[in-house]
Amino acid sequence: MNTIQLSRPITAHGEETSELNFREPTVKDIRQIGLPQRLVPSTNSESVSVEVRADIVGQYIARLAAVPLSSVDQLAIRDFNACMGVVMGFFNGGAE
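Structure report, in brief.

Calculation rules
- Residues numbered from 1 in each chain as written.
- Predicted model: local features only at pLDDT ≥ 70, side-chain atom pairs only at ≥ 80, totals over all residues.
- Heavy atoms only, no water.
- Helix = DSSP H or I, 4+ residues; strand = E, 2+ residues; numbered from the N terminus.
- Buried < 20%, exposed > 50% of the residue type's maximum accessible area, 1.4 Å probe, protein only.
- Expected span 1.5 Å × (residues − 1).
- Lys, Arg positive; Asp, Glu negative; His and termini not counted.
- Salt bridge = Lys/Arg side-chain N within 4 Å of Asp/Glu carboxyl O.
- Contact = heavy atoms within 4.5 Å.
- Phe/Tyr/Trp six-rings, centres within 6.5 Å; stacked < 30°, edge-to-face > 60°.

### Digging into the overall build of the chain
Here is step 1: Looking only at helices and strands, the chain has four helices and four strands in total.
Here is step 2: N-terminal to C-terminal, the α/β element order of the chain is β-β-α-β-β-α-α-α.
Here is step 3: Projecting the C-alpha coordinates of the chain onto the three principal axes gives extents of approximately 50 × 25 × 25 Å.
Here is step 4: The buried share among the 96 residues of the chain stands at 35%.

Okay, here's the thing in structure tokens:
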């Protein structure tokens, strides 16, 4: 399980929390939410870039850490970035 210590507490389920614990996503999660990134071809068609879909990442944070989406919206930007790193790690060979 991956744990993120938050720089600023958030409220989830009526209680203040200073950490989020993430479980691994399942195939069901992926089917229901979609992939958190999308490949975008460049205008010259010679390369592609990866676009991280923040709205989808937010849904994964909520589901995998078992908090409401309204709690995800309370995260400090650096905490959101740390959580995004955990989520993206699952899709890039496993979170550390």
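### So, helix α4 (residues 77-91)
Side chains that are three or four residues apart share a direction in an α-helix, a result of its 3.6 residues per turn.
Here is step 1: Relative to the 21 Å expected for 15 residues at 1.5 Å per residue, α4 spans 21 Å between its end C-alpha atoms, a close match to the ideal helical length.
Here is step 2: When α4 is considered as a whole, its buried residues turn out to be Asp-79, Phe-80, Cys-83, Met-84, Val-86, Val-87, Met-88, Gly-89, Phe-90 and Phe-91.

### Regarding the side chain of Asp-79
Here is step 1: The topology assignment puts Asp-79 in helix α4.
Here is step 2: Nearest to the buried, unbridged Asp-79 among oppositely charged side chains is Arg-78, at 4.8 Å.
Here is step 3: Apart from residues no more than four positions distant in its own chain, Asp-79 is found in contact with Gln-5, Leu-6, Ser-7 and Arg-8.

### Considerations on helix α2 (residues 54-64)
Here is step 1: Within the sequence span of α2, burial applies to Ile-56, Val-57, Gly-58, Tyr-60, Ile-61, Ala-62 and Leu-64.
Here is step 2: Next to the buried residues of α2 lie β2 (15-22), α1 (27-33), β4 (48-52), α3 (69-72) and α4.
Here is step 3: Ala-66 sits one or two residues past α2 and shows a positive phi near 55°.

### Description of the packing of aromatic side chains
Here is step 1: Counted by the stated rule, this structure contains one aromatic pair.
Here is step 2: On the basis of an interplanar angle of 70° and a centroid distance of 5.4 Å, the ring pair of Tyr-60 and Phe-91 is categorised as edge-to-face. Taken together, the positions of Tyr-60 in helix α2 and Phe-91 in helix α4 put the pair 31 residues apart, joining distant regions of the chain. There is no split in this pair, since Tyr-60 and Phe-91 are both buried.

### Some details on the side chain of Asp-29
Here is step 1: Among the secondary structure elements, Asp-29 is positioned in helix α1.
Here is step 2: Accessibility expressed as a relative area gives 3% for Asp-29, which makes it buried.
Here is step 3: Beyond its immediate stretch of four places on either side in the chain, Asp-29 contacts Arg-23, Glu-24, Gly-34, Tyr-60, Arg-63 and Leu-64.

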